[in-house]
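Below, each chain spelled out in residue letters.
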Amino acid sequence: VPELIERVVAELEARFAGQHIRIEQQLDYTGAIDVDLEKMARAFVNIAENAQHAMPAGGTLRLTSRFLDNVVHFELSDEGEGISLDIQDRMFDPFVSQGKENGAGLGLAIAKKILDEHHASIDIQSTSTKGATVHISLSASERNGSEPGAAITTESL
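Examining the overall build of the chain
When helices and strands are counted, the chain shows three helices and six strands. The 157 residues of the chain split such that 44% are buried. Within the chain, residue pairs in contact and separated by at least 24 positions form 72% of the contacts whose partners lie at least 6 positions apart. Total accessible area on the chain is roughly 8,000 Å²; 49% of this is exposed by carbon and sulfur atoms.

Rendered as structure tokens:
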């Protein structure tokens, strides 16, 4: 998990440069997961790019991990403008976008495909006016059997 999050944060810090978006991490689970790190990082970055566009004036993106009931849970939460009610049921469909300039509406569709390949589930909770939280759950059968690791908390700008 730390290697995945390090990859994601490194890419996001470059993308968020000068946008006043702070990245916070609360990694309560730091054990191993059996995933294609490159693909999984791409999925997380695609999700985080939506948070970036939802916070044009800046804000905080929170990344968390935890292990509960033989499932590794990740959350990506933002303080953005929320997701319009009229697209919430179609967010993972290709070419669905919330008016993002130069957006093709493929980021979440690609993220969903990658997560499906890893037998992971994704769910998004949002109001139409404030913030969104993306929940990703990866079953223990996709882990390599290691026990949960120690918690890590970090923050970057």
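A closer look at unusual backbone geometry
A positive phi angle is found at H20, which is not glycine, with a value near 60 degrees. You can see H20 is positioned in the loop between α1 (2-16) and β1 (21-27). For H20, a relative accessible area of 67% puts it in the exposed group.

A word on α1
The end-to-end C-alpha distance of α1, which contains 15 residues, comes to 20 Å, matching closely the 21 Å that a straight helix rising 1.5 Å per residue would cover. Those residues of α1 that sit buried are L4, I5, V8, V9, L12 and F16. Taken around the axis of α1, the buried residues stretch over an arc of 120 degrees, which confines them to a single face. Within α1, the exposed residues directed more than 90 degrees away from the buried face are E6 and A14. Following α1 by one or two positions, G18 has its phi on the positive side, about 80 degrees.

Some remarks on the packing of aromatic side chains
Scanning the entire structure with this criterion turns up two aromatic pairs. Centroid distance Y29 to F67: 5.4 Å. Interplanar angle 25 degrees. Geometry classified as stacked. Of the two residues, Y29 is situated in the loop between β1 and α2 (37-54) and F67 in strand β2 (residues 59-68); the sequence distance between them amounts to 38 residues. Assessed through its relative accessible area of 0%, Y29 is described here as buried.

A few points about the nonpolar core
Membership of the largest hydrophobic core comes to 41 residues, with the highest contact counts inside it found for I33, F44, F74 and I136. Every residue in contact with F44, bar those within four places of it in the chain, is listed here: L4, I5, V8, F74, L76 and I136.

As for a nonpolar patch on the surface
Side chains of F95, L106 and I110 sit close together on the surface and give an oily, nonpolar patch of about 290 Å² of accessible area. Secondary-structure assignment places I110 in helix α3 (residues 107-117). A residue is classified by how much of its surface remains accessible, and I110, at 39% relative accessible area, is partly exposed.

So, how was this worked out
Each chain carries its own residue numbering, running from 1 in the written order of its sequence. Only residues with pLDDT of at least 70 are given local features in this predicted model, and only at 80 or more are side-chain atom pairs given and counted; all residues enter the totals for whole chains, interfaces and linings. Side-chain metrics in this entry use all non-hydrogen atoms of the structure; hydrogen atoms and water are not considered. Secondary structure elements follow DSSP: runs of H or I of four or more residues count as helices, runs of E of two or more count as strands, with numbering from the N terminus. Residue burial is assigned from relative accessible area. The probe radius is 1.4 Å, only protein chains are included, and a residue is buried under 20% of its type maximum, exposed over 50%, and partly exposed in between. Every residue pair with non-hydrogen atoms within 4.5 Å of one another is taken to be in contact. Shrake-Rupley sampling with a 1.4 Å probe provides the accessible areas, and residues are treated as covered by the protein chains on show and by no other component. Here a helix's expected span is defined as the number of its residues, less one, multiplied by 1.5 Å. Our arc is simply the arc of the directions from the helix axis toward the C-beta atoms. Within 6.5 Å between ring centres, the rings of Phe, Tyr and Trp (the latter by its six-membered ring) count as paired, and their orientation is classed by plane angle as stacked under 30 degrees, edge-to-face over 60, tilted in between. By nonpolar core is meant a set of buried Ala, Val, Leu, Ile, Met, Phe, Trp, Tyr and Cys residues that side-chain atoms within 4.5 Å join together. Patch membership requires more than 30% relative accessible area and the absence of a salt bridge. Residues of like charge join within 9 Å; the nonpolar side chains Val, Leu, Ile, Met, Phe, Trp and Tyr join within 5 Å. Any carboxyl oxygen of Asp or Glu that lies within 4 Å of a side-chain nitrogen of Lys or Arg is treated as forming a salt bridge with it.

So, to be careful, I would describe these as geometric facts and stop short of saying anything about function.
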